[in-house]
Amino acid sequence: MAKKILFINQEIAPYVPDSEMSILGKMLPQLIQESGYEIRTFMPKWGTINERRGQLHEVIRLSGMNLIIDDTDHPLIIKVASIPTSRIQVYFIDNDDYFMKRQMSENEAGQEYPDNGERAVFFARGVLETVKKLRWTPDIILCQGWMGAVVPLYIKTAYKDEPSFANTKVITSLFEKQIKGDFSNNFKRAVEYREAKSDLLKNYKDVFDFLELGKLAIDYSDGIVEATKKVNAKLINYAKEKKCPILSYPGAEDYAKAYQEFFEQITNE
């Protein structure tokens with residue numbers, strides 16, 4: 001039976017400008033699907049995405065849930081589109097407050113959004129709740145970018161008894177530093193959900209930044225990928241200290257085979 005891979009991507013071309021991350025976000029799911037795996041792909045519906053040009057439409061049966069984050073209700077909107085060149089279907093996580101009129105990590109003036117931590121929490125929970133609704137059981141979740149960094153924690157705590165995720169392994173892809181500043185100081189409260197108690201975060205700094213978020217992802221991941229040549233050395237060393245399996249940078253060509261072998265390694269451990 002074909003293994004199922006869930007790609008939780010921060011960036012996918014052509015919906016956002018080309019970058020190492022967005023091109024990998026587009027090409028890797030396509031190559032993995034062509035290799036015989038079953039896949040699903042998610043990304044945030046950044047406010048810069050042109051819905052008409054991208055032919056996004058809302059999936060009513062998946063939308064409508066409210067996610068409570070730091071005691072505030074936030075409606076979850078799910079949209080879907082297909083990448084024209086590959087027909088890969090992409091699910092988009094949307095919300096009026098966190099995404100609809102906003103860019104990625106920074107506003108038009110180049111200032112990072114103070115609630116970026118909450119946005120990452122909403123995105124993580126939005127993806128996992130939607131996968132549950134799809135009645136889909138991934139063998140592997142691959143998280144790409146800081147927006148997916150809370151997913152490993154949730155899979156190992158809040159969602160560990162959910163049938164969709166009981167046997168799921170989580171891999172985190174590391175990239176260059178993507179956020180420069182700190183999250184607002186309510187991040188530990190915002191993360192709280194079911195067994196994902198803020199007590200679990202007591203050994204991390206009170207205010208999260210890129211490094212702290214990366215450590216959180218590594219601590220709850222079953223494997224780590226050096227997704228680009230330039231990856232934060234402190235995070236790679238941290239993963240090595242934790243004896244976490246690592247896929248070294250597989251290069252920009254023929255990387256799909258390296259990922260497949262790593263997927264098989266992680267599912268067999």
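Residues numbered from 1 in each chain as written. Predicted model: local features only at pLDDT ≥ 70, side-chain atom pairs only at ≥ 80, totals over all residues. Heavy atoms only, no water.

A.B. asks: Mind showing me how you'd approach the environment of Gly-214 here?
C.D. replies: Tracing the backbone shows Gly-214 in helix 7 (residues 210–219). Accessibility expressed as a relative area gives 9% for Gly-214, which makes it buried. With 42 residues separating them in the primary sequence, Gly-214 and Thr-172 have C-alpha atoms 8.9 Å apart. (Helix = DSSP H or I, 4+ residues; strand = E, 2+ residues; numbered from the N terminus. Buried < 20%, exposed > 50% of the residue type's maximum accessible area, 1.4 Å probe, protein only.)

A.B. asks: Got a minute to help me understand the sheet that holds strand 9 (residues 169–174) in this structure?
C.D. replies: Backbone hydrogen bonds hold the strands of a sheet together, and the pairing may be parallel or antiparallel. Here we have nine strands laid out as an open sheet, ordered 3-6-7-2-1-8-9-10-11, and mixed in their pairing. What marks the edges here is a single partner per strand, and that holds for strand 3 (57–58) and strand 11 (246–247). For strand 3 and strand 6 (residues 77–82), the ladder comprises two bridges, and the chain directions are antiparallel. The partner of His-57 across the bridge, within strand 6, is Val-80. Strands strand 1 (4–9), strand 2 (38–44) and strand 8 (140–144) of the sheet are contacted by helix 1 (residues 20–34), whose axis makes an angle of about 170° with strand 1. (Pairing = 2+ DSSP bridges. Contact = heavy atoms within 4.5 Å. Axes fitted to C-alpha atoms, helices over the stretch in contact; angles between N-to-C directions.)

A.B. asks: Explain the pattern of salt bridges to me, please; I cannot follow it from the model alone.
C.D. replies: Counted under the stated rule, the structure contains 14 salt bridges. Salt-bridge contacts for Arg-194 lead to Glu-162; the nearest nitrogen and oxygen are separated by 2.8 Å. One end of the pair, Arg-194, is in the loop between helix 6 (187–191) and helix 7; the other, Glu-162, is in the loop between helix 5 (151–156) and strand 9, with 32 residues separating them in the sequence. With relative accessibility at 15%, the residue Glu-162 sits in the buried group. Between Lys-257 and Glu-261 there is a salt bridge, with its nearest N and O atoms 2.6 Å apart. (Salt bridge = Lys/Arg side-chain N within 4 Å of Asp/Glu carboxyl O.)

A.B. asks: Just checking my understanding: could you explain the nonpolar core for this structure?
C.D. replies: Counting 94 residues, the largest nonpolar core has Tyr-15, Ile-141, Tyr-154 and Tyr-259 as its most contacted members. Considering each element in turn, this core owes the most residues, eight residues, to helix 4 (residues 116–133). Contact partners of Tyr-15, with chain neighbours within four places excluded, come to Met-43, Ile-49, Gly-54, Leu-56, Ala-81, Ser-82, Ile-83, Val-90 and Phe-92. (Core = buried A, V, L, I, M, F, W, Y, C linked by side-chain atoms within 4.5 Å.)

A.B. asks: So what exactly am I meant to see when it comes to the packing of aromatic side chains here?
C.D. replies: By convention here, two paired aromatic rings are described through the distance between centres and the angle between planes. Applying the stated criterion to the full structure yields 14 aromatic pairs. Ring geometry for Phe-42 and Tyr-91: centres 5.0 Å apart, planes at 20°, overall stacked. Pair noted here: Phe-42 is in strand 2 and Tyr-91 is in strand 7 (residues 89–94), with a separation of 49 residues, a long-range link. We classify Phe-42 as buried; its relative accessible area is 0%. Seen from their ring centres, Tyr-154 and Tyr-159 are 6.2 Å apart, and the 65° between their planes marks the pair as edge-to-face. Tyr-159 matches Tyr-154 in its accessibility class, with the two residues each being buried. A connected cluster of aromatic rings, assembled from ring pairs, spans Tyr-37, Tyr-255, Tyr-259 and Phe-263. In this structure, Arg-125 packs its charged tip against the face of Tyr-193, placed 3.8 Å from the ring centre. Arg-194 extends its terminal NZ or CZ atom over the ring of Tyr-159, reaching a point 5.3 Å from the ring centre. (Phe/Tyr/Trp six-rings, centres within 6.5 Å; stacked < 30°, edge-to-face > 60°. Lys NZ or Arg CZ within 6 Å of the ring centre and 35° of its normal.)

A.B. asks: I would appreciate a short explanation of helix 9 (residues 256–268) in the present structure.
C.D. replies: If you check helix 9, its first and last C-alpha atoms are 18 Å apart, about what 13 residues at 1.5 Å a residue would give, namely 18 Å. When we look at burial in helix 9, the residues that qualify are Ala-256, Tyr-259, Gln-260, Phe-262, Phe-263 and Ile-266. Buried residues of helix 9, seen end-on, are gathered within an arc of 165° and therefore sit on one face of the element. Every exposed residue of helix 9 that faces more than 90 degrees away from the buried side is listed here: Lys-257 and Asn-268. Among the structural elements, strand 1, helix 1, strand 8, strand 9, strand 10 (223–226) and strand 11 are those in contact with the buried residues of helix 9. (Expected span 1.5 Å × (residues − 1). Arc of directions from axis to C-beta.)

A.B. asks: I'm lost on the packing of helix 1 against helix 9 in this one. Help?
C.D. replies: Helix-helix packing is characterised by the crossing angle of the two axes and by the distance between the axes. Orientation of helix 1 relative to helix 9, taken along the N-to-C sense of each, is 65°, at an axis distance of 10 Å. Taken together, the axes of helix 1 and helix 9 lie roughly perpendicular to each other. For the crossing formed where helix 1 meets helix 9, the hand is right-handed. Together, Leu-24, Leu-28, Leu-31 and Ile-32 of helix 1 and Ala-256, Tyr-259, Gln-260 and Phe-263 of helix 9 make up the contact between the two elements. When grouped by side-chain class, the residues that make up the contact of helix 1 with helix 9 number seven nonpolar, one polar and no charged. (Parallel < 35°, antiparallel > 145°, perpendicular 65-115°, else oblique. Left-handed = near helix turned anticlockwise from the far one by under 90°. Nonpolar A, V, L, I, M, F, W, Y, C, P; charged D, E, K, R; others polar.)

A.B. asks: I tried to follow the environment of Pro-114 on my own but got confused; where do I start?
C.D. replies: Mapped onto the secondary structure, Pro-114 falls in the loop between helix 3 (96–100) and helix 4. Excluding residues within four positions of it along the chain, Pro-114 makes contact with Phe-183 and Ser-184.

A.B. asks: Which parts of the structure should I look at to understand the pairing of strand 5 (residues 72–75)?
C.D. replies: Residues in a regular strand point their side chains to alternate faces of the sheet. Summarising the sheet, strand 4 (residues 66–69) and strand 5 pair through four bridges and their orientation is antiparallel. Counterpart to Asn-66 in the pairing with strand 5 is Pro-75. Hairpin connection of strand 4 to strand 5: two residues between the antiparallel strands, including Asp-70 at a positive phi of 50°.

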